[in-house]
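The primary structure of each chain is shown beneath.
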Amino acid sequence: MSGAFGSAGLLLAGLALAAPLVLAALGGIMSERGGVVNIALEGMMLTGAFTGMWVGQVYGNAAGIGAALVSGLMLGILHYVLTQKLRLNHIISGVAINLLAVNATTYLVRAVFNVEGREAKIASAIPVGAFVGLSALLVGVLHFVLYRTTFGLRLRCSGESAETARMAGVNPFRYRLYGLMLSGILAASAGAYLSMSQTTRFSDNMVNGRGFIALAAVVCGRWTPVGAALAALAFGFFDALQIQLQGRVQMPTEFLQMLPYLFTILAAMLLRSTPPAALGREE
């Protein structure tokens, strides 16, 4: 019976750890299906985590979630302006947004909360199950949107060939903007989950590379919602496994903590796929 309960606990822990990765990966898909590389997922998650916790402390969790989503939306628009209007390289733009998020949140958590421990807490947590359910629901919703709606067709067309999109009467820049706005919202919701549900606190750089793991899930999942979700679930499972193994096996903790990341590297190497044809191209 203990093995059964252990397996159930491992599964539930894996789902909880995978939820923010699924949300951020879905955001990456909406951006990259439109043709814009988005390594700014890390910064969008971090901004959502801080903003949600900050506003949630004062006005409640609902307002905190709303503020987090707006912060992600604004960063999505910023990434659009830098890459599509100012023609900045997509990678450079993403790195700039990530650095902006890291330094801004590090400064604000000290200036606003006057804490030396580099950490601020919220009073009450949003149930983890709410975010897990939301991430599962959104996988199906975005799969339907991408492959069964006119919006999805036009977004994918913008990511394959801007010229073809224009010939079909579609403005690719408009749909790239929509994709990046959705990308920012989804990534910020993942960050809000970390600070307002999973840990109930914000600390410096708490996202800890999850944005890049989510981007790897997008690639391993072949730029599809279901595939990316499965890749994120696999990472969540390995992350939960290494937590359970700590203290049970004679192995350095640091090595166990490497397991999910080693899995991600191996998966990215083995599960090669073809990205959207116009991904990252300057028009």
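Residue positions are given per chain, counted from 1 along the sequence in the order it is written. Totals for whole chains, interfaces and linings use all residues, but because this is a predicted model, local features are given only for residues with pLDDT of at least 70 and pairs of side-chain atoms are given and counted only at 80 or more. No hydrogens and no water enter the side-chain calculation; it runs on all heavy atoms of the structure.

Asker: Help me understand the nonpolar core, please; the structure alone is not making it clear to me.
Answerer: Nonpolar side chains in soluble globular proteins generally cluster together in the buried interior. We define a nonpolar core as any set of buried Ala, Val, Leu, Ile, Met, Phe, Trp, Tyr and Cys residues linked to one another through side-chain atoms lying within 4.5 Å. Accessibility here uses a 1.4 Å probe with only protein chains present; expressed as a share of the type maximum, an area under 20% marks a residue as buried, one over 50% as exposed, and anything in between as partly exposed. Grouped together as the largest cluster of nonpolar side chains are 62 residues, with contacts concentrated most on L26, M45, M53 and F202. When residues of this core are traced back to their parent elements, those giving at least two are α1 (2-32), α2 (41-59), α3 (61-85), α4 (90-113), α5 (128-148), α8 (172-198), α9 (210-220) and α10 (225-245). Examining the composition of this core, we find that 10 residues originate from one element, α1, more than from any other. Residue contacts follow a heavy-atom distance rule, with two residues in contact if any of their heavy atoms lie within 4.5 Å. Those residues within four positions of L26 in sequence are excluded, and the remaining contacts are S135, L138, V139, L142, L186 and P225. Counting from the N terminus, the helices are DSSP H or I runs at least four residues long and the strands are E runs at least two residues long.

Asker: I keep staring at the side chain of S158 and nothing clicks. Help me out?
Answerer: As for its placement among the helices and strands, S158 is situated in helix α6 (residues 150-160). Polar contacts involving the side chain of S158 include one to the main-chain carbonyl oxygen of R154, which spans 2.8 Å. With near-sequence residues (within four places) excluded, S158 lies in contact with G34, A165, V170, P172, Y175, R176 and A278. Definition of a polar contact: a pair of N or O atoms within 3.5 Å, with one able to donate and the other able to accept a hydrogen when the atoms are protein atoms, and with sequence-neighbouring residues admitted only if both atoms are side-chain atoms.

Asker: I'm lost on the environment of T164 in this one. Help?
Answerer: Along the chain, the position of T164 falls in helix α7 (residues 162-167). Assessed through its relative accessible area of 42%, T164 is described here as partly exposed. Measuring from C-alpha to C-alpha, the distance between T164 and M196 comes to 43 Å, with 32 residues separating the pair along the chain. Within the structure, the side chain of T164 is placed 2.9 Å from the side chain of S161, a separation counted as a polar contact.

Asker: Teacher, can you tell me more about the pattern of salt bridges here?
Answerer: Working definition: two side chains of opposite charge can pair if their charged atoms are close together. Throughout this description, the term salt bridge denotes a Lys or Arg side-chain nitrogen within 4 Å of a carboxyl oxygen of Asp or Glu. Summed over the entire model, instances satisfying the criterion amount to 1 salt bridge. Here R110 makes a salt bridge to D204, at a shortest N to O gap of 2.8 Å. Of this pair, R110 sits in helix α4 while D204 sits in the loop between β2 (201-203) and α9, and the two are 94 residues apart along the sequence. You can call R110 partly exposed: its relative accessible area is 28%.

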